[in-house]
Amino acid sequence: MKSVLLVDDSAVARTIIRKCLEILGWDEVSFFEAGHGREALEFLRERTVDLVVTDLNMPEMDGTALLRRIKASPKLTETPVIVVSSLVNDEKQRELTALGAAWVVHKPVSPTKMAEAVESLPAEEAV
Amino acid sequence: MTNVHLSLDENADAAVTESFEGMAFADALRSPDGDFEWGSAKNFWARIRIERPVEVELCLVLPEAIAREVGDAVMGELGEVGDEEIRSVMGELINTLVGVWLTRQLAGEEPPQIGIPETGCGEWNADGDAFELAVYAIDEIPFGFALRRASAG
């Protein structure tokens with residue numbers, strides 16, 4: 001079974017993203033949640049997932065730092081990361097892409113926007 | 001020293017409309033002549049600080065009727081929506097709204113930095129010169145969006 005780690009300090013945001021993915025057919029997927037980047041890294045130390053979806057603006061460790069740490073880790077570097085944020089201008093988008101983000105979704109999140117994001121993933125990650 | 005000046009202009013209006021529509025399927029429009037009871041004990045509020053490029057605080061203040069409608073629209077499928085869930089929804093709403101607004105307003109500027117949302121219920125004091133206030137409405141029920149400049153202390 002595929003697994004997805006949702007990283008956002010807002011439980012509401014995690015719920016909205018999960019609902020969007022379920023609408024897209026990702027309902028046979030194990031969803032795990034973390035409230036910030038540090039918690040996500042602790043989770044990923046114990047097990048790997050098929051996809052990470054992360055917010056940017058979070059306490060403790062933000063999404064940019066989390067993305068950087070995932071892509072710098074030999075164990076995690078192949079894990080696709082979708083960034084979800086309302087606060088992304090062209091400069092930030094370029095930075096995130098250069099760091100290895102698979103896609104950047106602009107909030108408010110919708111099933112249509114998440115569909116674009118998951119369609120950008122390598123074929124083996126598709127559900 | 002930055003030259004950026006934020007005010008509740010048409011970009012703020014567009015961000016309010018887009019965020020309410022995207023998250024809660026609600027049509028929120030500016031109501032220039034609208035009258036809103038900022039100090040009602042039954043209001044729910046959510047505020048967030050912008051730390052860069054300019055220091056201001058933004059606060060969304062919803063009357064209970066709209067707050068519950070928005071909470072139900074976002075979280076209703078998952079069970080009963082109480083005050084705690086409404087506050088969580090409002091925190092995400094202002095986070096989204098402010099992000100959408102700043103992305104429009106500061107296109108081409110250095111990426112802004114914002115704080116973590118805070119939420120609460122009850123009276124919200126909008127008195128003082130440091131506040132810029134705007135009234136919006138959903139189905140003719142008014143709600144408020146306020147900007148407080150850092151010089152207010």
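Just above, that's the structure.
Criteria and thresholds
- In this numbering scheme, every chain counts its residues from 1 along its sequence in written order.
- Here every chain gets a letter starting at A, and every ligand a number starting at 1, in the order they are written.
- In keeping with the model being predicted, local features are shown solely for residues with a pLDDT of at least 70 and side-chain atom pairs are shown and tallied solely at 80 or more, while totals for entire chains, interfaces and linings include all residues.
- Values reported for side chains reflect all heavy atoms of the structure, with hydrogen atoms and water molecules removed beforehand.
- Angles run from 0 to 180 degrees between N-to-C directions of axes, and those axes are lines fitted to C-alpha atoms, restricted for helices to the stretch in contact.
- Each helix is a run of H or I in the DSSP string that is no shorter than four residues. Each strand is a run of E no shorter than two, and both are numbered from the N terminus.
- When an angle is under 35 degrees it counts as roughly parallel; over 145 it counts as roughly antiparallel; between 65 and 115 it counts as roughly perpendicular; any other value is oblique.
- Contacts between residues were defined by any pair of non-hydrogen atoms, one from each residue, lying within 4.5 Å.
- Expected span, for any helix, means 1.5 Å times one less than how many residues it has.
- Only protein chains enter the accessibility calculation, which uses a 1.4 Å probe; a residue is then buried when its area is under 20% of its type maximum, exposed when over 50%, and partly exposed in between.
- To be clear, the arc concerns the directions from the helix axis to the C-beta atoms.
- Each of two parts loses accessible area, computed with a 1.4 Å probe, when they are put together; buried area is these two losses added.
- By convention in these notes, a salt bridge is any Lys or Arg side-chain nitrogen within 4 Å of a carboxyl oxygen on Asp or Glu.
- Think of a polar contact as two N or O atoms within 3.5 Å of one another; within protein, one of them needs to be a possible hydrogen donor and the other a possible acceptor, and neighboring residues in sequence only count if both atoms come from side chains.
- Throughout this entry, Asp, Glu, Lys and Arg are counted as charged residues, while Ala, Val, Leu, Ile, Met, Phe, Trp, Tyr, Cys and Pro are counted as nonpolar. The remaining residues, Gly among them, count as polar.
- A 1.4 Å probe that fits but cannot get out identifies a cavity on a 1 Å grid over protein atoms alone, an open set with protein on both sides within 12 Å along at least five of seven lines counts as a pocket, and a residue lines either if it has an atom within 4 Å of a point.
- Grid points are joined across faces, edges and corners, and a volume is the space filled by probe spheres set on the points.

**Student:** With reference to specific residues and values, describe the packing of helix H1 (residues 11-23) of chain A against helix H5 (residues 111-119) of chain A.
**Tutor:** Residues and elements named next belong to chain A. Running from amino to carboxyl end, H1 crosses H5 at an angle of 70 degrees, the nearest separation of the two axes being 9 Å. When the axes of H1 and H5 are compared, the pair comes out roughly perpendicular. Listed contacts from H5 to Ile17, Cys20, Leu21 and Ile23 of H1 are Pro111, Met114 and Val118.

**Student:** Describe helix H2 (residues 64-75) of chain B, listing the residues and the values that go with them.
**Tutor:** Residue and element names in this part refer to chain B. Relative to the 16 Å expected for 12 residues at 1.5 Å per residue, H2 spans 16 Å between its end C-alpha atoms, a close match to the ideal helical length. Here H2 has its buried residues at Ile66, Ala67, Val70, Gly71, Val74 and Met75. Looking straight down H2, one finds its buried side chains confined to an arc of 135 degrees; they lie on one side.

**Student:** Tell me what's going on with the interface of chain B and chain A, and back it up with residues and numbers.
**Tutor:** Each partner contributes to the interface: chain B provides 25 residues, whereas chain A provides 19 residues. Between chain B and chain A lies a buried interface of about 1800 Å² when both sides are counted; carbon and sulfur atoms form 60% of it. Summed over the shared surface of chain B and chain A, the result is one salt bridge. For the pair chain B and chain A, the interface holds six residue pairs in polar contact (both at pLDDT 80 or more). When contributions to the side of chain B that touches chain A are tallied by element, the ones reaching two or more residues are helix H1 (10-24), H2 and helix H3 (83-105) of chain B. Ranked by residues supplied to the side of chain B that touches chain A, first place goes to H3(B) with nine residues. Here the side of chain B that touches chain A is composed, by residue class, of 12 nonpolar, eight polar and five charged.

**Student:** For the layout of surface pockets, give the residues involved together with the corresponding values.
**Tutor:** What the largest pocket holds in volume is close to 300 Å³. If you go around the largest pocket, you meet 13 residues; those closest to its centre are A:Asp62, A:Leu87, A:Lys92, B:Pro112 and B:Gln113. Those elements that provide at least two residues to the lining of the largest pocket are helix H4 (90-99) of chain A together with strand E4 (113-114) of chain B. The residue makeup of the lining of the largest pocket, split by class, is six nonpolar, three polar and four charged. Considering only enclosed or pocket space, the second largest pocket measures out at about 240 Å³ in volume. Along the walls of the second largest pocket sit 13 residues, with A:Ile16, A:Lys19, A:Cys20, B:Met23 and B:Phe25 positioned nearest its centre. Of all the elements in the fold, those that place two or more residues in the lining of the second largest pocket are H1 of chain A together with H1 and H2 of chain B. Ranked by the residues each element gives to the lining of the second largest pocket, the list is headed by H1(A), at four residues.

**Student:** Please give an account of the pattern of salt bridges that cites residues and values.
**Tutor:** All names here are of chain A. Within the structure shown, the criterion is met by 17 salt bridges over all chains. The partner of Asp8 in a salt bridge is Lys107, with the nearest N and O atoms 3.5 Å apart. Of this pair, Asp8 sits in the loop between strand E1 (3-7) and H1 while Lys107 is found in the loop between strand E5 (103-106) and H5, placing the two residues 99 residues apart along the sequence. For the residue pair Asp8 and Lys107, the accessibility class agrees, reading buried in each case. Lys107 serves as the salt-bridge partner of Asp55, at 3.6 Å between the closest nitrogen and oxygen. A residue pair is termed long-range when its members are at least 10 positions apart, and Asp55 in strand E3 (residues 51-55) and Lys107 in the loop between E5 and H5 qualify at 52 residues.

**Student:** How would you sum up the environment of A:Phe31? Please name residues and give values.
**Tutor:** All names here are of chain A. Along the chain, the position of Phe31 falls in strand E2 (residues 30-34). With relative accessibility at 19%, the residue Phe31 sits in the buried group. Along the primary structure Phe31 and Leu5 are separated by 26 residues, whereas in three dimensions their C-alpha atoms are 6.0 Å apart. Look past the residues within four positions of Phe31 in its chain and what remains in contact with it is Val4, Leu6, Arg18, Leu21, Glu22 and Trp26.

**Student:** Tell me about the side chain of B:Thr96, residues and numbers included.
**Tutor:** Residue position: B:Thr96 is located in helix H3. Classification of B:Thr96 by relative accessible area gives buried; the value is 1%. Other than its neighbours up to four places away in sequence, B:Thr96 contacts A:Ser86, A:Lys107, A:Pro108, B:Ser19 and B:Met23.

Read these as layout, nothing more, since geometry by itself doesn't imply function.
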